[in-house]
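Summary of the model geometry
What follows is the residue order along each chain.
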Amino acid sequence: MSPAKFSGFLLINLLVCIWIGYLLDSWTGMRPVWIIVLTLYAIIGSFFVLLYRNKKKGKKTK
């Protein structure tokens, strides 16, 4: 995954998770909890996707 694609992928994941976290926080009344949890989920998940795709790409070229 190229750096430009990864940054776009990370940005979209963060925006979607922050939006869903905001909706869950307002629905449950637990203000910053879901935004923090889903933001961490988006960041960690995006890096795992980056590592998995690079590992998979490395196996194809050998």
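Up top is the structure these notes are about.
Now for a quick tour of the structure.

Conventions adopted
Note that residues are indexed from 1 along each chain, following the sequence as it is written. In keeping with the model being predicted, local features are shown solely for residues with a pLDDT of at least 70 and side-chain atom pairs are shown and tallied solely at 80 or more, while totals for entire chains, interfaces and linings include all residues. Hydrogens and waters are ignored; side-chain quantities use all the structure's heavy atoms. Think of it this way: any DSSP run of H or I at least four residues long counts as a helix, any run of E at least two long counts as a strand, and we number them from the N terminus. C-alpha atoms define the radius of gyration, and 2.2 Å times the number of residues to the power 0.38 defines the globule rule. With a 1.4 Å probe rolled over the protein chains alone, any residue whose accessible area is under 20% of its type maximum counts as buried; one over 50% counts as exposed, and the rest are partly exposed. Note on definitions: a residue-residue contact is assigned when non-hydrogen atoms from the two residues lie within 4.5 Å. By this rule, a helix spans an expected 1.5 Å times one less than how many residues it contains. The patches described consist of residues with a relative accessible area above 30% and no salt bridge, like charges being joined within 9 Å and nonpolar side chains (Val, Leu, Ile, Met, Phe, Trp, Tyr) within 5 Å. In these tables, accessible area is a Shrake-Rupley quantity obtained with a 1.4 Å probe, and a residue counts as shielded only by the protein chains included in the view. A pair is scored as a salt bridge if a Lys or Arg side-chain nitrogen falls within 4 Å of a carboxyl oxygen belonging to Asp or Glu. Put simply, a nonpolar core is a bunch of buried Ala, Val, Leu, Ile, Met, Phe, Trp, Tyr and Cys residues held in one set by side-chain atoms that sit within 4.5 Å of each other.

So, on to the overall build of the protein chain. Along its length, the protein chain carries 2 helices and 0 strands. What you see for the protein chain is a C-alpha radius of gyration of 15 Å, clearly larger than the 11 Å of a compact globule of 62 residues, by over 25%. The C-alpha extent of the protein chain, read off along each of the three principal axes, is 50 × 15 × 10 Å. Going through the 62 residues of the protein chain one by one, you find that 19% of them count as buried. Taking the intrachain contacts of the protein chain between residues at least 6 apart in sequence as the baseline, contacts between residues at least 24 apart amount to 53%.

With that settled, consider helix 1 (residues 3–28). Over its 26 residues, helix 1 extends 37 Å from the first C-alpha to the last, a length consistent with the 38 Å expected when each residue adds 1.5 Å. Regarding helix 1, the residues found buried are Phe6, Leu10, Leu14, Cys17, Gly21 and Asp25. Note on helix 1: the residue one or two positions beyond its end, glycine 29, has a positive phi of about 85°.

Turning next to a nonpolar patch on the surface. A cluster of nonpolar side chains, contributed by Ile36, Leu40, Ile43, Ile44, Phe47, Phe48 and Leu51, occupies part of the molecular surface with about 690 Å² of accessible area. Along the polypeptide, isoleucine 44 turns up in helix 2 (residues 33–61). With a relative accessible area of 48%, isoleucine 44 lands in the partly exposed category.

Along the chain, phenylalanine 47 falls in helix 2. It is 8.5 Å that separates the C-alpha atoms of phenylalanine 47 and leucine 10, two residues lying 37 residues apart in sequence.

Met1, Phe6, Leu10, Leu14, Cys17, Leu38, Ala42 and Leu50 form the largest nonpolar core, which has 8 residues in total. In terms of residue count, the dominant contributor to this core is helix 1 (4 residues). Once residues lying within four places of it in the same chain are set aside, the contact partners of methionine 1 are Phe6, Val49, Leu50, Arg53, Asn54 and Lys57.

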